[in-house]
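Overview (structure and organization)
The primary structure of each chain is shown beneath.
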Amino acid sequence: MVNSGLVYPRARLTVNLAPADLRKEGPAYDLPMALALVMASGGANPDLDGAMVVGELSLDGSVRHTNGILPMVSVARQRGLKRVYVPARDAAEAALVDGLEVYPVANLAKRLDHLNGASQLARFEMPPMPKDEEVVYPVDMADVKGQEHVKRAVEICAAGCHNVLGLCPKTRMAVCAAGRAS
């Protein structure tokens, strides 16, 4: 908070993460707790009704990637929330859930400027999907006669974007193919 230009309260603080029966772990609560401290000390008076805030704070005040954004955002939608504030790096993943406004947060100071009305965070918009084009492959598995177990193994490797290495014991030749995401 100090590295973001804020005054850290010098009083004893107690943070209650309710409900107590729900297990909480990891750094995803850094940003919401920092915002709660600022709000409690009178530094901001935001309207966070219907919003979820999640993110890990680094020592310089930037908001870092947080694991598990997609399930968190899915629960936010199930609970009827309308807006989510997530780390900028995770905004595309959060935008996969329909029905929510996703706001990427780069650092604590920008989030506070947004809360105080000094500047606005831009709502994240998914880039348009590329048009589907027919892909023509020069090799077809239908050209391979027999070897059903080998063809099945190659299909599984290709589907999972894995590499495959085939060895022929008679000719001692190896065939190697690198997996690629399509």
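Heads up: these notes are all about the structure in this document. (Residues numbered from 1 in each chain as written. Predicted model: local features only at pLDDT ≥ 70, side-chain atom pairs only at ≥ 80, totals over all residues. Heavy atoms only, no water.)

**Quick notes on the pattern of salt bridges**
- Counted under the stated rule, the structure contains three salt bridges.
- Residue Arg-123 pairs with Glu-125 through a salt bridge whose shortest N-O separation is 3.7 Å.
- We classify Arg-123 as partly exposed; its relative accessible area is 42%.
- When the shortest N-O distance is used, the salt bridge between Glu-148 and Lys-151 registers 3.4 Å. Taken as a pair, Glu-148 and Lys-151 lie in helix H5 (residues 148–159) at a separation of three residues, close to a single helical turn.
- What makes Glu-148 exposed here is its relative accessible area of 52%. (Salt bridge = Lys/Arg side-chain N within 4 Å of Asp/Glu carboxyl O. Buried < 20%, exposed > 50% of the residue type's maximum accessible area, 1.4 Å probe, protein only. Helix = DSSP H or I, 4+ residues; strand = E, 2+ residues; numbered from the N terminus.)

**Digging into the sheet that holds strand E1 (residues 51–53)**
- The strand order across the open sheet formed by three strands is E1-E4-E5, and the pairing between neighbours is parallel. The open sheet is flanked by E1 and strand E5 (101–105), the only strands paired with a single partner. This sheet shows a mean twist of 20 degrees between the axes of neighbouring strands, independent of strand direction.
- Summarising the sheet, E1 and strand E4 (residues 83–87) pair through three bridges and their orientation is parallel. When the bridges of E4 are listed, Ala-51 appears paired with Arg-83. (Pairing = 2+ DSSP bridges. Axes fitted to C-alpha atoms, helices over the stretch in contact; angles between N-to-C directions.)

Nothing here speaks to function; it is all geometry.
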